[in-house]
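Summary of the model geometry
Each chain, written out:
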Amino acid sequence: MKHDYWALPEARLLADLGATRAGLSSAEVERRQRELGPNSLEPRRHGRAVEAMLTQARNPLAWLLLFAATVSGVVGEWTDAAVVVGILLLGSVLGAAQERRASRAVDALKSRIAARACVLRDGVEQTVAAAGVVPGDVLVLSAGSLIPADAVVLEAKDFFVTQAMLTGETLPMEKRPAPSAADATLAERTNVVFHGTSVRSGTARAVVARIGRASEYGALAARLVLRAPETDFDRGIRHFGYLLTRVMVALVFVVFAAGVLRHKPPVASLLFAIALAVGLAPEMLPAILSITLSHGARAMAARGVVVRRLSAIENLGSMDVLCTDKTGTLTEGTVRLERAVDPEGRDSATVLRLAYFNAALETGLSNPLDDAIRERGEAEGLGDLPAKIDEIPYDFRRKRMTVVVDAGGGLGRLITKGALERVLEVCDRLRGDDGEPGALTADALAALVARFHGWSAEGVRVLGLASAEVTPRRTLEPSDERSMVFEGFLLFLDPPKAAAGEVVRDLGRLGVGLKVVTGDHRDVARHLAASIGLTVEGVLGGREIAALSDEALWHVAERTTIFAEVDPNQKERIILALRKTGHVVGYMGDGINDAPALHAADVGISVDTAVDVAREAADFVLLRNDLDTLRAGILEGRRTFSNTLKYVLTTESANFGNMLSMAGASIVLPFLPLLAPQVLLNNFLSDVPAMTLARDRVDPEAIATPQRWNLTFIRRFMVFFGLVSTAFDALTFAVLLVVLRSSPAQFRTGWFVESLATELLVALVVRTRGAFWRSRPGTALLVATGAVGVVGVALPYTPVGAAFGLVPLAPAAMGLLLTIAITYATTVEAVKRLLFERLSRR
């Protein structure tokens, strides 16, 4: 394929690609797919197991442990080195196995909503997976299409493409079927559509020249790390990591320095300090996040919500404002044409016939209003269509669309429908009672607008219809929409869903405020809100939004319930304004004009019947277009968030207390309170039950309101419960040294058993804010906790325990240590509720 393919004449281009205007044969497509592979930006993938192990290897804590093992080996401490490496490998294999299973499950869900493309194959239009597109395929493109590959335009009609992601142009660019210069830049290649861009308006056919990583977007992706916007939860994880890093660095420095000053073996002190740092860090958090999120994704799929981006699940649970259009979510989505009337409001067969011609002959983006017109026209027997001469597609600036039909006598007839205001602005006459056009006077215009407002206040969607005779020519432009005759109104009904009111109230009880963002007139939106019981605090129109600065919109948006008559850019501004004021904002949309807002929202939500560009921009895709499905998804998102937070709270509070105790003991005692392998083994065993948290039960009050990542709360929780843990650790040290008079090996064994038991027990206590006996843990968590507890008590009496330096304890000593652990858990339960309340208020 010639490098500057955009400069080739069409015949040469098709010959080089081995293609025709009718597309490829199925057999040729299969051959090319085998030869070239999938149309994907991703490089050929390793096996799942290899990928999962590579993910584990990128964990910086794993490298820290590997460094510790290397130091041990260099100084001849081969046993310590082997133990550290063994624990590292065991943890990595376990985490990799869980992540591999999670990734396979999520990929299976995503395949249900994979991008599609319309192509010509065997001479007929077919919808295929975008990943199966090959060079030589002929794409059939229309408004809303997501372009799956770099392709050269063969034919086009008012065809505009949004390609800012590649070229930086803020406005859609028109594409035409004519070769560009060989040295043309991306922006100058007016005959090429690029992978990853989208069609804003018009129609076209284009032959695919390059796919996957060979496309311009693929080349960019290979040079840059393209990252999705950081979610609120991701930001919390990052800040949590900064907090732990500061504590870990301080801990390593203090413990190592103290050990050297007290003339303890430097290597052992360094290993112990590193082990303490690793013990403080939740090294299994990445694996547990992956497991928890994938389990949440599977649970949400069962409720009709497919997750496209796992990290957005917690954001769905954190969402406190949902912005949505009304059609199909609050309404039935089955729009019907109720009446076609003349300018006086009388039923008119002429208006219905003209509207039917317009809807039946247009080839742009399909929409419910055109479907309703065609359905009504076919029911009325209006099957015979005039010859179509041309079409001026709909766009969001004009808010109208036009078809041109043969009117006989060498004349054509423009038939235009669209938003009433935009139709009236190209009219200077209106159809009179006698069927003849008369002047559109100021009084007549006022009467038309008054009728429009009256219908809108009753919840009726109103479009205007106009026509004009023209002399046909090869190509018509939007500027030809002028001096038209206003023919009448089209009145549509889309009743509210029966359950919409209850769902709105349910969302309110869940702490999610609903805002309607629509292109419809404000009176229509206000009527709908009243019919479903949505309290309207304020209404803001598109013209008013345009007049507001971004700063002014920040203040107004929060107090507004209905945003009406808005354009796509204004939808994005509304979302950004709400986010700026501290809200976690969800946006639900399914049209091409919704893509910018879906990108801007914390939580982008679409439906599986949405246009390609909207579905690909969304974080979640609903298999059923209703808010009740979304409500179920919100609850599942909160369960996922809650179970993730359980791991962080229980692990860090116990780890912080234990590590603080050991750090202090290492300074005071003449020997190390635990050996580095024992610290790592303790940490590993306590993490095993956490692997089951994804399936743990969640208390109803934990999912009753939006949840945010509160680093201040986590820090205070960690410190307070850590200090409580440290107090009991001090008691344990006193019992071991004063009462039991333990040797260093017995001290380490006793401390190992007690610290593991306290961490297991406190996890069951603080996983709920209520009384722990009233909140039954998940079966898997309960079984795993019991099993690890038994292993921890039995380990000192086994050869494996001996390899870690553990020694058998007398039954009385073991019983005394377990009594301390139970007393600690009882104390935590006694003060827990008060502490939760105090910490949450701060």
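A word on the packing of aromatic side chains. On inspection of all chains with the given rule, the structure shows 10 aromatic pairs. With 5.5 Å between their ring centres and 75° between their planes, Phe671 and Phe747 make a pair best called edge-to-face. Pair noted here: Phe671 is in the loop between α23 (627-668) and α24 (676-687) and Phe747 is in helix α26 (residues 744-766), with a separation of 76 residues, a long-range link. Phe747 sits in the buried class, given a relative accessible area of 0%. Relative to Phe721, the ring of Phe717 lies with its centre 4.5 Å away and its plane at 45°, an arrangement referred to as tilted. With Phe717 and Phe721 both in helix α25 (residues 711-739) and 4 residues apart, this pair spans about one turn of that helix. Of the two residues, Phe717 and Phe721, neither departs from the other in class, the shared state being buried. Here the aromatic residues Phe671, Phe733, Phe747 and Trp751 are joined through ring pairs into a cluster of three or more. Taking the ring centre of Trp6 as reference, the NZ or CZ of Arg189 above it sits at 3.5 Å.

This part takes up the confidence of the model for the chain. Averaged over all residues, the pLDDT of the chain equals 82, while 83% of them reach at least 70. Low confidence marks residues 44-49, where pLDDT is under 50. Its contacts with residues over four positions away, or in another chain, come to 11 contacts. Here residues 223-227 scores under 50 on pLDDT; set against residues more than four positions off or in separate chains, the count is 2 contacts.

Moving on to the environment of Arg774. Within the fold, Arg774 resides in the loop between α26 and α27 (779-794). The sequence separation of Arg774 and Asp699 amounts to 75 residues, and the corresponding C-alpha distance is 9.7 Å.

Summed over all chains, the structure comprises 43 salt bridges. Across the pair Asp371 and Arg374 runs a salt bridge whose closest N-O atoms are separated by 2.5 Å. Within this pair, Asp371 and its partner Arg374 are both found in helix α13 (residues 368-379), separated by 3 residues, close to a single helical turn. Note that Arg522 and Glu565 form a salt bridge whose closest N and O atoms lie 3.7 Å from each other. One end of the pair, Arg522, is in helix α17 (residues 522-532); the other, Glu565, is in the loop between β20 (562-564) and α20 (568-580), with 43 residues separating them in the sequence.

This part takes up the pairing of strand β9 (residues 321-324). Burial along β9 is two-sided: Val321 and Cys323 facing one way and Leu322 and Thr324 facing the other are all buried. The pairing of β9 with strand β21 (residues 585-588) spans 4 bridges and is classified as parallel. Bridged to Leu322 within β21 is Gly586.

Quick look at the nonpolar core now. Formed by 62 residues in total, the largest nonpolar core has its most connected members in Leu316, Leu322, Phe620, Leu627 and Leu630. Once you skip the residues sitting within four places of it in the chain, Leu322 turns out to touch Leu507, Val512, Gly513, Leu514, Lys515, Gly586, Tyr587, Met588, Ile605, Leu627 and Leu630. Among the nonpolar cores identified, the runner-up in size contains 31 residues, and Ile291, Ala690, Met691 and Phe836 belong to it.

Now for the sheet that holds strand β23 (residues 620-622). Across a sheet, strands are paired by hydrogen bonds formed along the backbone, either parallel or antiparallel in direction. Sheet architecture is open: 8 strands sit in the order β8-β23-β22-β21-β9-β18-β20-β19, paired in mixed fashion. Here the strands that pair on one side only, and so sit at the sheet edges, are β8 (305-307) and β19 (539-541). Between one strand axis and the next, the sheet turns through 20° on average, direction left out of account. Bridge count between β8 and β23: 3 bridges; the pairing is antiparallel. Pairing of Val307 across the sheet is with Phe620, part of β23.

What follows is about the environment of Phe159. Among the structural elements, Phe159 can be located in strand β4 (residues 150-162). Judged by relative accessible area, Phe159 falls into the buried class, the value being 1%. Taking the C-alpha atoms as reference, Phe159 lies 5.7 Å from Ser201; in sequence the two are 42 residues apart.

There is a patch of nonpolar side chains on the surface, built from Phe253, Val254, Ile667 and Val668 and spanning about 400 Å² of accessible area. For the nonpolar patch, the secondary-structure elements that each account for two or more residues are α8 (232-261) and α23. Take Phe253: its relative accessible area is 63%, and that puts it in the exposed class.

Parameters at a glance
- Residues numbered from 1 in each chain as written.
- Predicted model: local features only at pLDDT ≥ 70, side-chain atom pairs only at ≥ 80, totals over all residues.
- Heavy atoms only, no water.
- Phe/Tyr/Trp six-rings, centres within 6.5 Å; stacked < 30°, edge-to-face > 60°.
- Helix = DSSP H or I, 4+ residues; strand = E, 2+ residues; numbered from the N terminus.
- Buried < 20%, exposed > 50% of the residue type's maximum accessible area, 1.4 Å probe, protein only.
- Lys NZ or Arg CZ within 6 Å of the ring centre and 35° of its normal.
- pLDDT = per-residue confidence, 0-100.
- Contact = heavy atoms within 4.5 Å.
- Salt bridge = Lys/Arg side-chain N within 4 Å of Asp/Glu carboxyl O.
- Pairing = 2+ DSSP bridges.
- Core = buried A, V, L, I, M, F, W, Y, C linked by side-chain atoms within 4.5 Å.
- Axes fitted to C-alpha atoms, helices over the stretch in contact; angles between N-to-C directions.
- Patch = residues over 30% accessible without salt bridge, like charges linked within 9 Å, V, L, I, M, F, W, Y side chains within 5 Å.
- Areas by Shrake-Rupley, 256 points an atom, 1.4 Å probe, with all protein chains shown as cover.

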